[in-house]
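Take a look at the letters that make up each chain.
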Amino acid sequence: MEYNFFATISRMKYIDRWALMRNSRNENLSEHSLEVAMIAHALCVIGNARYERNLNADRAALIGLYHDSSEIITGDMPTPVKYYNPEIKDAYKQVEKIAEYKLLEKLPSDLRPAFEEIYKSNNSAEDKYMRRLVKAADKLSAYIKCIEEEKAGNTEFSTAKESVGKAIEKLRTELPEVDDVVKEFLPPYGKTLDELS
């Protein structure tokens, strides 16, 4: 029997993000998911090293890799639409859950439980906190995209940068790991290769 899960997941590279905006360089879902995975891993490592947390950084990276995989089925819904009002937000969350279930159905039954754990929290305090860091990583990735577009001379992302920046400022007060990343790792984004060297 053949299973379509990984062939379907591999199609993330065809889902463009920020589709309603003029981009100086397009970003696809695969690129975004890799960045979210790396940032989520870093946030958990910081939490463990500096804030005496007991977070599974490897699991955070894995969740980051798959966090938007439902968009293979749903497409990338523009943020202003997705969060227009609570009813639309809740309805879209339901659509995402159905899409995740459809993806999981593409796995053999003996492998499915391991992948279900990626999509569903085990409800422990550590897992809930770690998933908050993955969501924060998603916001940080969006902010990095705004920085890169701005540095490329594209003013199209100015409003998005301001909006995402406000969300990150709120996260900085709630999650000290996010504050550390903003202070220590965000400033070099947008620098030239020579400046980074």
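Source: prediction; values computed, not measured.

Visitor: Outline the overall build of the protein chain, supporting the account with residue identities and numerical values.
Guide: The helix and strand tally for the protein chain stands at 11 helices and zero strands. Written out in order from the N terminus, the α and β elements of the protein chain read α-α-α-α-α-α-α-α-α-α-α. For the C-alpha atoms alone, the extent of the protein chain along its principal axes is close to 50 × 40 × 40 Å. For the protein chain, buried positions account for 41% of its 197 residues. Pairs at least 24 apart in sequence give 68% of the contacts found in the protein chain among residues at least 6 apart. Entry remark: accessible area of the protein chain is about 11600 Å², with carbon and sulfur atoms responsible for 53%. Of the charged side chains in the protein chain, 29 are positive and 34 negative, and the gap between their average positions amounts to 2 Å.

Visitor: Can you lay out the packing of helix α6 (residues 86-104) against helix α7 (residues 112-119) for me, pointing to particular residues and giving the numbers?
Guide: For the pair α6 and α7, the least separation of the axes is 10 Å and the interaxial angle reads 160°. Taken together, the axes of α6 and α7 lie roughly antiparallel to each other. For α6 against α7, the interelement crossing comes out right-handed. Across from Lys-97, Glu-100, Leu-103 and Leu-104 in α6, the residues of α7 making contact are Arg-112, Phe-115, Glu-116 and Tyr-119. Classifying every residue of the contact of α6 with α7 gives four nonpolar, no polar and four charged.

Visitor: Outline the packing of aromatic side chains, listing residues and values.
Guide: The full count for this structure, using the stated rule, is seven aromatic pairs. Ring centres 5.0 Å apart and planes at 85° place the aromatic pair Phe-5 and Phe-6 in the edge-to-face group. Given the relative accessible area of 49%, Phe-6 is considered partly exposed. With a centroid separation of 6.4 Å and 70° between ring planes, the pair formed by Tyr-66 and Tyr-119 is classed as edge-to-face. Placement of the pair is Tyr-66 in helix α3 (residues 57-66) and Tyr-119 in helix α7, with a sequence separation of 53 residues. Look at Tyr-119 and you get buried, because its relative accessible area is 8%. Members of the aromatic cluster, each reached through a chain of ring pairs, are Phe-5, Phe-6, Tyr-66, Phe-115 and Tyr-119.

Reading the values: the criteria
- Residues numbered from 1 in each chain as written.
- Predicted model: local features only at pLDDT ≥ 70, side-chain atom pairs only at ≥ 80, totals over all residues.
- Heavy atoms only, no water.
- Helix = DSSP H or I, 4+ residues; strand = E, 2+ residues; numbered from the N terminus.
- Buried < 20%, exposed > 50% of the residue type's maximum accessible area, 1.4 Å probe, protein only.
- Contact = heavy atoms within 4.5 Å.
- Areas by Shrake-Rupley, 256 points an atom, 1.4 Å probe, with all protein chains shown as cover.
- Lys, Arg positive; Asp, Glu negative; His and termini not counted.
- Charge placed at Lys NZ, Arg CZ, Asp CG, Glu CD.
- Axes fitted to C-alpha atoms, helices over the stretch in contact; angles between N-to-C directions.
- Parallel < 35°, antiparallel > 145°, perpendicular 65-115°, else oblique.
- Left-handed = near helix turned anticlockwise from the far one by under 90°.
- Nonpolar A, V, L, I, M, F, W, Y, C, P; charged D, E, K, R; others polar.
- Phe/Tyr/Trp six-rings, centres within 6.5 Å; stacked < 30°, edge-to-face > 60°.

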